[in-house]
Amino acid sequence: MINLKVVSPQKVIFEKEVEMAVLPGAEGDFAAMPNHSPFISSLRPGQMAIMSSNKVDESFFVSGGLVMLKEKVCEVLVDQIEPLSDVNNSNYQQSKTYQELEGNETALGTFEQVVNNPPYK
Amino acid sequence: MPNLKELKNRISSVKSTRKITSAMKMVAASKLRRAQELAESSRVYADSLSFILSSLAGNTKNSSDLPEILTGRENSKISLLIINSSDRGLCGGFNSNLFRNAKKWISDQQGQGKSVKIMTVGKKASSFYKKTDLDIVASFEDLNSNDRQLQVSEEIKNKILELFESNEIDEVSILFNRFVSAISQEPTYQSLIPLSNEETIEDESEVNNAVFEFEPDKNELLEYLVPRNFLTQIYRSVLESSASEHAARMTSMDNATRNAGDMIDRLTLTYNRTRQAFITKELIEIISGAEAV
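**Details of the overall build of chain A**
Per the secondary structure count, chain A includes four helices and 10 strands. Helices and strands appear in chain A in the N-to-C order β-β-β-β-β-β-β-β-β-β-α-α-α-α. Taken across its 121 residues, chain A has 35% of its residues classed as buried. Sequence-distant contacts, at least 24 apart, represent 49% of the contacts inside chain A between residues at least 6 apart.

**Looking at the overall build of chain B**
In terms of helices and strands, chain B carries nine helices and six strands. Its C-alpha atoms give chain B a radius of gyration of 28 Å, more than 25% over the compact-globule value 19 Å for 293 residues. Counting the 293 residues in chain B, one finds 31% classified as buried.

**A word on the packing of helix H6 (residues 146-165) of chain B against helix H9 (residues 218-292) of chain B**
Residue and element names in this part refer to chain B. Interaxial distance between H6 and H9 falls to 9 Å at its minimum, and their mutual angle equals 135°. As summarised for this structure, H6 and H9 are arranged oblique, according to the angle between their axes. Of the two possible hands of crossing, H6 and H9 adopt the one that is right-handed. Of H9, the residues touching H6 (which contributes Gln149, Leu150, Val152, Ser153, Glu154, Ile156, Lys157, Ile160 and Leu161) are Pro227, Phe230, Leu231, Ile234, Tyr235, Val238 and Leu239.

**What to know about the packing of helix H1 (residues 4-41) of chain B against H9(B)**
Residue and element names in this part refer to chain B. In contact at an axis separation of 7 Å, H1 and H9 are set at 160° when each is read in the N-to-C sense. Relative to H9, the element H1 is oriented roughly antiparallel. In this structure, the crossing between H1 and H9 has a hand that is left-handed.

**Thoughts on the confidence of the model for chain B**
Residues and elements named next belong to chain B. Within chain B, residue pLDDT values average 88, and 92% of them lie at 70 or more. Between residues 199-205, whose pLDDT stays under 50, and residues either more than four places distant or in other chains, the model counts eight contacts. Interface confidence for the predicted complex, expressed as ipTM, amounts to 0.80; the pTM equals 0.82.

**As for the interface of chain B and chain A**
Facing the 20 residues of chain B at the interface are 20 residues of chain A. In terms of residue count, helix H2 (residues 43-59) of chain B provides more of the side of chain B that touches chain A than any other element does, five residues in total. Per-class residue counts for the side of chain B that touches chain A are 13 nonpolar, five polar and two charged. Sheet analysis places strand E5 (residues 39-43) of chain A next to strand E6 (residues 213-215) of chain B, joined by three bridges and oriented parallel. Pairing of Phe39(A) across the sheet is with Glu213(B), part of E6(B).

**Focus on the nonpolar core**
Counting residues in hydrophobic clusters, the biggest one holds 83 residues, and the most contacted among them are Ala21(A), Ile82(B) and Ile83(B). Contacts of Ala21(A), omitting those with residues within four sequence positions, involve Leu4(A), Ala32(A), Met48(A), Ala49(A), Ile50(A) and Cys74(A).

**A closer look at the pairing of strand E4 (residues 28-32) of chain A**
Residue and element names in this part refer to chain A. Pairing of strand E3 (residues 20-25) with E4 involves five bridges; the strand directions are antiparallel. Looking at the pairing, Gly25 lines up with Gly28 of E4. The antiparallel pairing of E3 with E4 creates a hairpin that spans two residues between the two strands.

**A word on the pairing of strand E5 (residues 184-193) of chain B**
Consecutive side chains along a regular strand alternate between the two faces of the sheet. Residue and element names in this part refer to chain B. As paired strands, strand E4 (residues 171-181) and E5 are joined by nine bridges and run antiparallel to one another. What sits directly across from Ser181, in E5, is Ser184. Between E4 and E5, which follow one another and run antiparallel, lie two residues.

**Overview of the sheet that holds strand E2 (residues 115-121) of chain B**
Residue and element names in this part refer to chain B. If you trace the five strands from one edge of the open sheet to the other, you get E3-E2-E1-E4-E5, paired in mixed fashion. The open sheet has two edge strands with one neighbour each: strand E3 (135-140) and E5. Sheet twist, expressed as the mean angle between neighbouring strand axes with direction ignored, is 25°. Two strands pair when backbone bridges link them, and E2 and E3 are joined in this way by five bridges, in the parallel orientation. Within E3, the residue paired with Thr120 across the bridge is Ser139. Along the sheet face, helix H5 (residues 123-130) touches strand E1 (78-84), E2 and E3 and points at about 140° away from the line of E2. Here H6 sits on the sheet and contacts E1, E2, E3, E4 and E5; the angle it forms with E3, its principal contact strand, is near 155°.

**Comments concerning the confidence of the model for chain A**
Looking at chain A, pLDDT values average 81 and 78% of them are 70 or higher. Within chain A, no element has a lower average pLDDT than helix H3 (residues 105-108) of chain A, which sits at 59, and none a higher one than strand E1 (residues 2-7) of chain A, at 92.

**With respect to helix H4 (residues 94-111) of chain B**
All names here are of chain B. Taking 1.5 Å as the rise per residue, H4 with 18 residues should run 26 Å; its terminal C-alpha atoms sit 26 Å apart, in good agreement. Structurally, H4 contributes buried residues whose contacts are with E1, H5, E4, E5 and H9. Count one or two residues on from H4 and you reach Gly113, which has phi positive near 80°.

**Description of the environment of Ala26(A)**
Counting through the fold element by element, Ala26(A) comes out in the loop between E3 and E4. Residues Ala26(A) and Leu43(A) lie 17 residues apart in sequence; the distance between their C-alpha atoms is 4.8 Å. For Ala26(A), the residues in contact, after removing those within four places along its chain, are Ser41(A), Ser42(A), Leu43(A), Arg44(A), Glu215(B) and Pro216(B).

Cut-offs used in this document
- Residues numbered from 1 in each chain as written.
- Chains lettered and ligands numbered in written order.
- Predicted model: local features only at pLDDT ≥ 70, side-chain atom pairs only at ≥ 80, totals over all residues.
- Helix = DSSP H or I, 4+ residues; strand = E, 2+ residues; numbered from the N terminus.
- Buried ≥ 20, exposed ≤ 12 C-beta atoms within 10 Å, placed from the backbone.
- Contact = placed C-beta atoms within 7 Å.
- Rg over C-alpha atoms; globule rule 2.2 N^0.38 Å.
- Axes fitted to C-alpha atoms, helices over the stretch in contact; angles between N-to-C directions.
- Parallel < 35°, antiparallel > 145°, perpendicular 65-115°, else oblique.
- Left-handed = near helix turned anticlockwise from the far one by under 90°.
- pLDDT = per-residue confidence, 0-100.
- Nonpolar A, V, L, I, M, F, W, Y, C, P; charged D, E, K, R; others polar.
- Pairing = 2+ DSSP bridges.
- Core = buried A, V, L, I, M, F, W, Y, C linked by C-beta atoms within 7 Å.
- Expected span 1.5 Å × (residues − 1).

Rendered as structure tokens:
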């Protein structure tokens, strides 16, 4: 199990033990599992999934941020995070990373691409 | 001899003042609790971010590889001071302490041959510095909700980056009242450009133990991290300042309530004495009237 801690500038959103978390890294999705090598990456807007025994337990929309991975700890610093079901095209386009990239959807992917292409198969 | 009616009016007006100040004290106390919680819960993010930043900067051996927004420019000429005041008054020496401190800092900087620009946060600072001949680059007011505080921090960050890039400023510091405890707040400076490295030193042993891989590469990450770090530092100072403001208001309103109580006691004493004097006078008049008959 790995300790997943999701933090926004205002508060700690949640902290729990998970088997595996799949995160949308800036240069490709990756899975956070125990004993991953120490790793720091930025996140692109996309889906974060919490998984156990090859099933998705929960999935979230992350608007971008940073992740720091240590032996048994995975700290995710996000700007904004919502359960995937609460997200639609308009709040996707309002997300900070989207705005910073000035809606460059080729670099980022459209809302449909982000939501319909989960990082896990 | 004081007029009885006047005294009575005086007492009742001091009583209502006392009611107001004690209500303000309660409000400040409950707002303080909330502000303190916010300040504490925002700390987790800020700490993680500065840890990441320091492990990133620590990994880069040659400091000349770092962008100048981290290390600062050589021969810096223009400093920017961000002053975090409150929107409202009645909080004791909260603002005046800050302004006195800022005045000293500004003349120090000018003594070193630098010119100073000011950015004000809160109505009190903007109305105070409007009267001086200092160069005010921006003013922000009405920080009355947490969302607004975050929004203002974001605007300040954007303004700083813009000014730094156009070479209008070389250094940036924030001045705010650091929340020490409910009865003590301390005007504190924090340097944003160049980045103050106290935390880097504290964490050094830990940083050296873990060698991180970075993705994308360091420079791109720094590009992303530096503005984000400004935002968090600014936001943190805004939160600390708001906690301090409520604490300062709470103590000063507590004092005011106590003073009003003392004043009421004194006035009541005078009132009773005067009343008795009147009664005695009337009695003397009656008795001497009766004797005359």
